[in-house]
Amino acid sequence: MSIRRCKTIILLMALIVVGAMFLTQRISASGDDGVLDGQLSVVLSQHGFTGTVGSSLEERLGRRIDNQLAELGRNLFHDTIVGLNNDNSCSGCHSATTGFDDTQSIAIGVENNFIVGPARTGPRNQRRTPMAANTAFFPNLMWNSRFASLSFDPFDNSLGFMFPAPEGLMLSDKSHLLIAQAFIPPTERVEAAGFDFPGNNFELRAEVIRRINDVPEYRKLFGKIFTEVRPGAPITYDMFAKAIAEFEFTLVFANAPLDRFARGEKNALTDEEKRGALLFFGSAKCVACHAVAGQSNEMFSDFRAHVIGVPQIAPAVGNPAAGNVTFDGPSQNEDFGLEQVTGNPNDRYMFRTSPIRNVALQPAFFHNGAFTRLEDAIHFHLNPAGEAPNYNPTAAGVASDLRGPTGPIAPVLARLDSAIVTPINLSNDEFRQLLAFVRNGLLDPKARPENLRKLIPRRVPSGRPIQIFQ
């Protein structure tokens, strides 16, 4: 046998060995992927997660979305005519640029600089504005759950919709919680109404509707939908509320990679995100509060109130422009949370679990935006008792006017929910996996700012200027 032939045979054998090794690795990797997919599929099934909630809205409503009514609501949502202080709209605090979340750690309502974005200035309110997307499926609303369906189903008014006084149960005839909720924002002094117009909630609403009735283009648009308006009947607040809610019904963004995985698209998640999902539903214990089963409607919240140890930040006391709300506590730098609604001291520092679909779009986290980076918020949440005493608002990235003396943390930690008293210890790899899942696995691409910016109208029927969206 020639030397050249021997070399050729040796080379061919080497190629065969390398090819076999490569094939074995691919088969092994495929097998690992299959195991991972199987594990996650079982876990999702155990928690009743189907990934189909986003497509269930019209079935739950019992009708099709009225696109004409929703378009009218979109205009009203962005029009300062609904705010009697003439400088804020629904979109001023629920911005399309952040997934209809707030652009601020703590909301700035009236007396603002007409900017929606990081450069927004003005007196602060008390909490971060909750995200408005997907609220069609929320059984209660606001950080202290003060707007709630007593059946724990926003589509069911049989037990009533509860609101603080003076409304109480009077809005229970509305067919959905969002229609009832739309009666409230224009009456909120610090959010929209301001402090100049005298009157109670009913008179404030009447003034908003008077202003809308005075705009011929609004009368024309309402008349196309509500036939009684066409021959001369007045636009009513009930019509206005239905339009606002209908627009909010279009803000369902619940087709994230995890949803697609649950529906059978196994490559919708990366392996890292799949491992993060297993941690979320498993040893990291996130799902204990960020629930998906049953009445949680796959929204990643149990919609219950908990004390989770969030550091207490507030506008600097003593600055006349610091805030429109007087905070709780002897130093006016605390937020008593649910206690403000119930009057029960046992409810102090309790806030509703935040639904975390599309959470990566938020510029701040928790009820007061005490953290501005998602990784910091998750890191804190894994060990609040250990992290809270060392909280630094400057390092956390909150705005300079919120870096004043923080509220006392010891009484908050003394009430810490038993579910998070014990620290969750994750390796660096595990933390990275969990972060990847929460950041990417729960994000519906349609909710990204480049898509939602299209919902900001160039003009509104009242002819008023549109706020400046950064």
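Model, not experiment: these values are computed from the prediction.

Observations regarding a nonpolar patch on the surface
Here comes step 1: Residues Leu 150, Leu 159, Met 162 and Leu 169 make up a contiguous nonpolar surface patch of roughly 350 Å² in combined accessible area.
Here comes step 2: With respect to the element layout, Leu 169 can be found in the loop between strand S4 (161–162) and helix H5 (177–181).

Thoughts on the environment of Gly 160
Here comes step 1: By secondary structure assignment, the location of Gly 160 is in the loop between strand S3 (147–149) and S4.
Here comes step 2: In contact with Gly 160, other than residues within four places in its own chain, are Ala 148, Ser 149, Leu 150, Leu 169 and Ser 172.

Regarding unusual backbone geometry
Here comes step 1: Note the cis peptide between Ala 165 and Pro 166, where omega equals 10 degrees.
Here comes step 2: Position of Pro 166 among the secondary structure elements: in the loop between S4 and H5.
Here comes step 3: For Asn 86, which is not glycine, the phi torsion reads 65 degrees and is therefore positive.
Here comes step 4: Take Asn 86: it is sitting in the loop between helix H3 (67–77) and helix H4 (90–93).
Here comes step 5: Classification of Asn 86 by relative accessible area gives partly exposed; the value is 38%.
Here comes step 6: The backbone of Tyr 349 shows a phi angle near 70 degrees, a positive value even though the residue is not glycine.
Here comes step 7: Relative to the helices and strands, Tyr 349 resides in the loop between helix H12 (339–342) and strand S6 (351–352).
Here comes step 8: Judged by relative accessible area, which is 6%, Tyr 349 ranks as buried.

Quick look at the pattern of salt bridges
Here comes step 1: Applying the stated criterion across every chain yields a total of 24 salt bridges.
Here comes step 2: The closest approach of N and O atoms between Asp 153 and Arg 60, which form a salt bridge, is 3.2 Å. Taken together, the positions of Asp 153 in the loop between S3 and S4 and Arg 60 in helix H2 (residues 57–61) put the pair 93 residues apart, joining distant regions of the chain.
Here comes step 3: By relative accessible area, Arg 60 is classed as partly exposed at 30%.
Here comes step 4: The shortest N-O distance in the salt bridge between Asp 271 and Lys 274 comes to 3.9 Å.

Brief notes about the nonpolar core
Here comes step 1: Counting residues in each nonpolar core, the largest one holds 70 residues, and the members touching the most others are Leu 76, Ile 212, Tyr 218 and Phe 222.
Here comes step 2: Of the residues forming this core, the biggest block, nine residues, is contributed by helix H9 (residues 237–249).
Here comes step 3: If you look at the next biggest cluster of nonpolar residues, it comprises 52 residues, including Ala 284, Phe 336, Phe 365 and Leu 434.

Things to note about the packing of helix H13 (residues 374–381) against helix H17 (residues 428–441)
Here comes step 1: Here H13 crosses H17 at 120 degrees, and the two axes come no closer than 11 Å. In terms of axis orientation, H13 runs oblique to H17. Where H13 crosses over H17, the handedness of that crossing is right-handed. Counted together, Leu 374, Glu 375, Ile 378 and His 379 of H13 and Phe 431, Leu 434, Leu 435, Val 438 and Arg 439 of H17 form the full contact between these two elements.
Here comes step 2: Of the residues assigned to the contact of H13 with H17, the class counts are six nonpolar, one polar and two charged.

Definitions and limits used
Residues numbered from 1 in each chain as written. Predicted model: local features only at pLDDT ≥ 70, side-chain atom pairs only at ≥ 80, totals over all residues. Heavy atoms only, no water. Patch = residues over 30% accessible without salt bridge, like charges linked within 9 Å, V, L, I, M, F, W, Y side chains within 5 Å. Areas by Shrake-Rupley, 256 points an atom, 1.4 Å probe, with all protein chains shown as cover. Salt bridge = Lys/Arg side-chain N within 4 Å of Asp/Glu carboxyl O. Helix = DSSP H or I, 4+ residues; strand = E, 2+ residues; numbered from the N terminus. Contact = heavy atoms within 4.5 Å. Buried < 20%, exposed > 50% of the residue type's maximum accessible area, 1.4 Å probe, protein only. Core = buried A, V, L, I, M, F, W, Y, C linked by side-chain atoms within 4.5 Å. Axes fitted to C-alpha atoms, helices over the stretch in contact; angles between N-to-C directions. Parallel < 35°, antiparallel > 145°, perpendicular 65-115°, else oblique. Left-handed = near helix turned anticlockwise from the far one by under 90°. Nonpolar A, V, L, I, M, F, W, Y, C, P; charged D, E, K, R; others polar.

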